[in-house]
Amino acid sequence: MDHASKPTCRIVKPGATYDGKQGLSYFHGISAESTGAKGICMHVLTMPPGTRAKAHLHESHETAIYMLSGSAHTWYGERLEHHVIVHAGELFYIPAGVPHLPANLSSTPCTALIARTDPNEQESVVLLPELDALVEMPA
């Protein structure tokens, strides 16, 4: 292995965003694309008030979320039959293959730090449009 191909430490300054398949905009973070990560990705997500993601799952990858500010509702399960509210300072774990749909039902933004065991964040995202109508946003 020559010097140019050796892994090295990297700093990533979130600033630019990308639109995920889930229907939300994420700040670029640590991923295969930004740092050459092999087994993890980590990024920051700020959900504006009244927004939600599309129902989805991550096929073979676990997700860990730390809520930095605000709170988010998440419906999960085969028919999104379970519901939790994750508040600032709390951690939330989503196993691989579990359908879920997060939403910000508050009047203020919520921000979370998200880590997954998939270094290519969007590759394991599977949209589940048949589940989207199961969660209605309040007017």
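Definitions and cut-offs
- Residues numbered from 1 in each chain as written.
- Predicted model: local features only at pLDDT ≥ 70, side-chain atom pairs only at ≥ 80, totals over all residues.
- Heavy atoms only, no water.
- Buried < 20%, exposed > 50% of the residue type's maximum accessible area, 1.4 Å probe, protein only.
- Helix = DSSP H or I, 4+ residues; strand = E, 2+ residues; numbered from the N terminus.
- Pairing = 2+ DSSP bridges.
- Core = buried A, V, L, I, M, F, W, Y, C linked by side-chain atoms within 4.5 Å.
- Contact = heavy atoms within 4.5 Å.
- pLDDT = per-residue confidence, 0-100.
- Axes fitted to C-alpha atoms, helices over the stretch in contact; angles between N-to-C directions.
- Patch = residues over 30% accessible without salt bridge, like charges linked within 9 Å, V, L, I, M, F, W, Y side chains within 5 Å.
- Areas by Shrake-Rupley, 256 points an atom, 1.4 Å probe, with all protein chains shown as cover.
- Salt bridge = Lys/Arg side-chain N within 4 Å of Asp/Glu carboxyl O.

Turning our eyes to something else, we now look at the pairing of strand β6 (residues 71-76). Most of β6 sits out of view: five of its six residues are buried. Taken together, the six bridges between β6 and strand β7 (residues 82-87) define a ladder with antiparallel strand orientation. The residue bridging alanine 72 from the neighbouring strand is valine 86, located in β7. If you look at the hairpin formed by β6 and β7, you'll find five residues sitting between the two strands, and glycine 77 has a positive phi there, around 115 degrees. Here β6 pairs with strand β9 (residues 100-103) via four bridges, running antiparallel. Each residue of the ladder has a partner; that of tryptophan 75, found in β9, is leucine 101.

Looking now at the nonpolar core. The biggest cluster of nonpolar side chains holds 15 residues, and the ones touching the most others in it are Leu24, Tyr26, Leu45, Ile65, Met67 and Ile114. For this core, the secondary-structure elements that each account for two or more residues are β3 (41-47), β5 (63-69), β8 (91-94) and β10 (110-116). No other element matches β10, which puts three residues into this core. In contact with leucine 24, not counting residues within four places along its chain, are Tyr18, Asp19, Leu45, Met47, Arg52 and Ala53. Within the second largest apolar cluster, nine residues are counted, among which are Leu57, Leu128, Leu131 and Val135.

With that out of the way, let us pick up unusual backbone geometry. Of note, the phi angle at leucine 80 is positive, near 55 degrees, even though the residue is not glycine. Here leucine 80 is to be found in the loop between β6 and β7.

As a further point, take the confidence of the model for the protein. Detailed reading of the predicted coordinates is not advisable wherever pLDDT is low. Across the protein, the average pLDDT comes to 90, with 96% of residues at or above 70. Between the elements of the protein, mean pLDDT differs from a low of 78, seen in strand β1 (residues 17-19), to a high of 98, seen in β8.

Right, let's talk about the sheet that holds β8 for a bit. Spatial strand order, β1-β2-β3-β10-β5-β8: six strands in an open sheet with antiparallel pairing. This sheet does not close on itself; its edge strands, each paired only once, are β1 and β8. Between one strand and the next, the sheet's axes are offset by a mean angle of 30 degrees, whatever the strand orientation. For β5 and β10, the ladder comprises six bridges, and the chain directions are antiparallel. By the bridge assignment for β10, serine 69 is matched with threonine 111.

Glancing now at a nonpolar patch on the surface. A surface patch of nonpolar side chains, about 220 Å² in accessible area, is lined by Ile30, Ile40 and Met42. Mapped onto the fold, isoleucine 30 is located in strand β2 (residues 25-30). Taking the relative accessible area as the measure of exposure, isoleucine 30 reaches 31% and is therefore partly exposed.

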